[in-house]
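Reading the structure
Each chain, written out:
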Amino acid sequence: MTEPAYLRITRASYDTVAADYAEILRTELGHRPLDRAMLAAFVELVQASDAGPVADIGCGPGRVTGHLQSLGLTARGIDLSPEMIAVARRTYPDLRFDVGSMNALDLEDGGLGGIVAWYSIIHTPPELLPEVFAEFHRVLAAGGHLLLAFKAGDEIRHLEHAYGHPLALDVHWLEPERVAELLRRAGFVVDATLVREAGRDEAGPQAYLMVRRPANP
Ligand SMILES: C[S@@+](CC[C@H](N)C(=O)[O-])C[C@H]1O[C@@H](n2cnc3c(N)ncnc32)[C@H](O)[C@@H]1O
């Protein structure tokens with residue numbers, strides 16, 4: 001089957017910027033207390049549900065994977081970009097990182113206790129999000145948790161330059177309630193929504209959704 005153009009463009013873009021992205025974002029979580037709070041809450045919820053290991057899907061250079069591991073989870077990373085995966089493996093040699101796409105994950109049904117998708121759905125055209133959320137639902141165990149981070153808005157911004165490189169990449173800014181509704185339709189229960197104002201080096205508000213695949217009755 002032919003790969004959709006947006007996946008090819010996203011992979012090529014992140015392959016180009018991987019090393020510089022990793023360096024520029026290396027300490028970013030350190031000045032985002034609300035982001036760290038959501039990640040810490042996710043860790044607690046996953047540990048309490050005891051549903052299995054965690055995947056950071058669209059992990060990029062692995063900074064969030066490493067953060068989750070440092071908070072006590074067993075975490076692995078998956079990303080579309082081989083260059084991002086190479087950087088992640090070099091930076092966190094003790095963690096597992098694999099090339100893969102959130103559209104068709106090479107993971108068994110119900111095998112994960114948690115998924116983090118940290119700014120990784122932002123290049124998926126919104127009409128294709130139901131397909132991605134169905135895939136997240138498939139691989140998450142009953143009672144497992146999913147944490148999403150994305151840019152809050154309702155527009156497509158075209159990036160022509162980022163992380164020191166010329167690019168041609170669309171970024172979808174998404175309305176949190178629209179994403180929440182798509183997640184409900186995919187079978188998730190929404191436990192929390194955080195929308196925070198733009199912080200340092202951000203062009204607008206940011207959204208975080210904590211959702212769960214309901215436990216079996
Ligand atoms: C903005 S970066 C975020 C990376 C990482 N989560 C972080 O916060 O540093 C977006 C990442 O999502 C990955 N990505 C985008 N679409 C993807 C897909 N369909 N499947 C897997 N990864 C994807 C990109 O390759 C890129 O590494």
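Above: the structure in question.
Attention here is on the structure that accompanies the text. Bear in mind the structure is a predicted one, so any value in this text is a computation, not a measurement.

A short note on the nonpolar core
Counting residues in hydrophobic clusters, the biggest one holds 50 residues, and the most contacted among them are L68, W118, F133, F136 and L148. Sort the elements by how many residues they give to this core and strand β5 (residues 140-151) lands first, with six residues. Setting aside chain neighbours within four positions, we find L68 in contact with L39, F42, V43, V54, L73, A75 and V116.

Examining the packing of aromatic side chains
As enumerated under the stated definition, the model contains seven aromatic pairs in all. Centre to centre, the rings of W118 and Y208 are 5.4 Å apart; their planes meet at 40°, and the pair counts as tilted. Here the residue W118 occupies a position in strand β4 (residues 112-118), and Y208 occupies one in strand β9 (residues 206-212), the gap between them amounting to 90 residues. Here W118 matches Y208 in class, with each residue buried. Seen from their ring centres, Y119 and Y208 are 6.4 Å apart, and the 90° between their planes marks the pair as edge-to-face. Separated by 89 residues along the polypeptide, Y119 in the loop between β4 and α5 (129-139) and Y208 in strand β9 bring together distant segments of the chain. Residue Y119 is classed as buried on the basis of its relative accessible area, which comes to 15%. Each residue in the set Y14, Y21 and Y163 is aromatic and connected to the rest through ring pairs, giving one cluster.

Comments concerning the site of the ligand
Near the ligand lie 20 residues; those nearest to it are Y21, G58, R63, D79 and W118. W118 is positioned with one of its backbone polar atoms (N or O) 2.7 Å from a nitrogen atom of the ligand. Contact with the protein chains covers 98% of the free accessible surface of the ligand, which is 590 Å². With four residues, helix α1 (residues 5-24) is the largest single contributor of residues to the shell around the ligand. Residues that form the shell around the ligand fall into these classes: 10 nonpolar, eight polar and two charged.

Basis of the calculations
Residues numbered from 1 in each chain as written. Predicted model: local features only at pLDDT ≥ 70, side-chain atom pairs only at ≥ 80, totals over all residues. Heavy atoms only, no water. Core = buried A, V, L, I, M, F, W, Y, C linked by side-chain atoms within 4.5 Å. Buried < 20%, exposed > 50% of the residue type's maximum accessible area, 1.4 Å probe, protein only. Helix = DSSP H or I, 4+ residues; strand = E, 2+ residues; numbered from the N terminus. Contact = heavy atoms within 4.5 Å. Phe/Tyr/Trp six-rings, centres within 6.5 Å; stacked < 30°, edge-to-face > 60°. Near = heavy atom within 4 Å. Polar contact = N/O pair within 3.5 Å; in protein donor to acceptor, adjacent residues only side chain to side chain. Areas by Shrake-Rupley, 256 points an atom, 1.4 Å probe, with all protein chains shown as cover. Nonpolar A, V, L, I, M, F, W, Y, C, P; charged D, E, K, R; others polar.

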